[in-house]
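This is what each chain is made of:
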Amino acid sequence: MQVVGRHALVTGGGSGVGRAVAFALADAGVTVTICGRRLEPLQEVAGERANIFALSADVTDQASVEGLYRQAEAERGPFDIVVANAGIAMSAPAAKTSLEDWNKTLQVNLTGAFLTVQPALAGMAARKSGRVIFIASVAGLKGYAYVAPYVASKHGLIGLMRSLAVELVRTGVTVNAVCPGYVETDMLEQSVARIVEKTGRSAAEARASLLAQNPHGRFIQPEEVAAAVLWLCGPGAASVTGQAISISGGETW
Ligand code: NAP
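These numbers were taken from a predicted model, which means no experiment stands behind them.

Q: Teacher, can you tell me more about the overall build of the chain here?
A: Within the chain, the regular secondary structure consists of 8 helices and 7 strands. For 253 residues, the compact-globule estimate of 2.2 N^0.38 gives 18 Å, and the C-alpha radius of gyration of the chain, at 17 Å, lies within 12% of that figure. Here the chain holds 253 residues, and the buried ones make up 49% of them. Here the contacts in the chain between residues at least 6 apart in sequence split such that 67% fall between residues at least 24 apart. In the structure as shown, the chain presents an accessible area of about 11200 Å², 53% of it carried by carbon and sulfur atoms. Side-chain charges of the chain comprise 21 positive and 21 negative groups, with the mean position of each set lying 6 Å from the other.

And the structure:
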């Protein structure tokens, strides 16, 4: 699949990884629709490129996602690429995790990703062309302490990806997940702030404790994740499906 002239949806495109993915796709000639709940950061990203379009939508709300599809596809054609990137993270020991936080995390990271990609599947299969990409995490491949709902949601996402890949394998549509280690984004800063608040450590110590989990000794950059997404969208990745690709500087499990 050549990427030029395609139409992509990137959820959570107003910040961090989603923003970098939107820029990488747009710079490769893709028309990109980005969404999130807050319109302002989306409009800032869209203001940077003529081929990025901002729409607000909540991935946990089926009607909201369907409304997004209706408007974006009416204006710019069917989605050829869907990048389910929107996600949230919270941390607490499992014994102290509230049901509310458990449900919220699964709702955004897993159910939200399902609702994001589901409306595109039948059309992609009929056109025998398409790319579905989930931004999961290394937390979808191995366990981490104090983030049980996040780890469970990302493992679920890998299961969803594998299932869709098998279902669509004869259609030419590929379905994959990109699994970053700690990426330098707002989400990372929120994790640092939570560690500071809960442990009394300094921000530098909190960052060092997260960094210690990364064998190559630095955080992943959003652009590195975006590069993997762009490759998965292109013709060179036509035979890559059902894969969870780790972008994590050598983390193992
Ligand atoms: P981020 O900057 O906090 O981005 C998360 C994005 O998701 C925001 O733009 C947010 O926009 C959007 N979002 C959250 N809830 C939403 C909802 N209900 N509906 C629509 N959009 C929603 O963090 P990030 O690091 O770029 O995270 C992007 C993805 O990478 C996530 O799936 C995350 O799990 C994954 N990831 C991150 C890291 C890391 O260390 N940062 C590592 C591995 C994987 P609104 O708030 O405006 O809705």
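Q: Teacher, can you tell me more about the sheet that holds strand β4 (residues 81-84) here?
A: Adjacent strands of a sheet form backbone hydrogen bonds with each other and so pair up, either parallel or antiparallel. The strand order across the open sheet formed by 7 strands is β3-β2-β1-β4-β5-β6-β7, and the pairing between neighbours is parallel. At either margin of the open sheet sits one strand with a lone partner, and together these are β3 (52-56) and β7 (244-247). Taking each pair of neighbouring strands and ignoring which way they run, the sheet shows an average axis angle of 20 degrees. Sheet analysis places strand β2 (residues 31-36) next to β3, joined by 5 bridges and oriented parallel. Bridging from a neighbouring strand, V32 pairs with I52 of β3.

Q: Please clarify how the nonpolar core should be interpreted in this entry.
A: As a rule of thumb, nonpolar side chains are buried together in soluble globular proteins. Core analysis: the biggest nonpolar cluster contains 34 residues, and L25, V32, I52, V83 and V178 have the highest contact counts within it. Excluding its chain neighbours within four sequence positions, the residues that come into contact with V178 are I133, F134, I135, A136, S137, V225, A228, V229, L232, I245 and I247. The next biggest cluster of nonpolar side chains, apart from the first, holds 31 residues, and it includes L68, A113, V132 and L168.

Q: Looking at this model, I keep getting lost on the packing of aromatic side chains. Mind explaining?
A: Both the distance between ring centres and the angle between the ring planes are used here to describe each pair of aromatic rings. The final tally for this structure, using the stated rule, is 2 aromatic pairs. Pairing Y69 with F79 gives two aromatic rings, centres 5.0 Å apart and planes at 85 degrees, and the pair type is edge-to-face. A residue pair is termed long-range when its members are at least 10 positions apart, and Y69 in helix α3 (residues 62-76) and F79 in the loop between α3 and β4 qualify at 10 residues. Classification of F79 as buried rests on a relative accessible area of 1%. When the ring of Y144 is compared with that of Y182, the centres are 6.5 Å apart and the planes differ by 70 degrees; the resulting orientation is edge-to-face.

What counts and how
Residues numbered from 1 in each chain as written. Predicted model: local features only at pLDDT ≥ 70, side-chain atom pairs only at ≥ 80, totals over all residues. Heavy atoms only, no water. Helix = DSSP H or I, 4+ residues; strand = E, 2+ residues; numbered from the N terminus. Rg over C-alpha atoms; globule rule 2.2 N^0.38 Å. Buried < 20%, exposed > 50% of the residue type's maximum accessible area, 1.4 Å probe, protein only. Contact = heavy atoms within 4.5 Å. Areas by Shrake-Rupley, 256 points an atom, 1.4 Å probe, with all protein chains shown as cover. Lys, Arg positive; Asp, Glu negative; His and termini not counted. Charge placed at Lys NZ, Arg CZ, Asp CG, Glu CD. Pairing = 2+ DSSP bridges. Axes fitted to C-alpha atoms, helices over the stretch in contact; angles between N-to-C directions. Core = buried A, V, L, I, M, F, W, Y, C linked by side-chain atoms within 4.5 Å. Phe/Tyr/Trp six-rings, centres within 6.5 Å; stacked < 30°, edge-to-face > 60°.

Function cannot be inferred from these measures alone, as they are strictly geometric.
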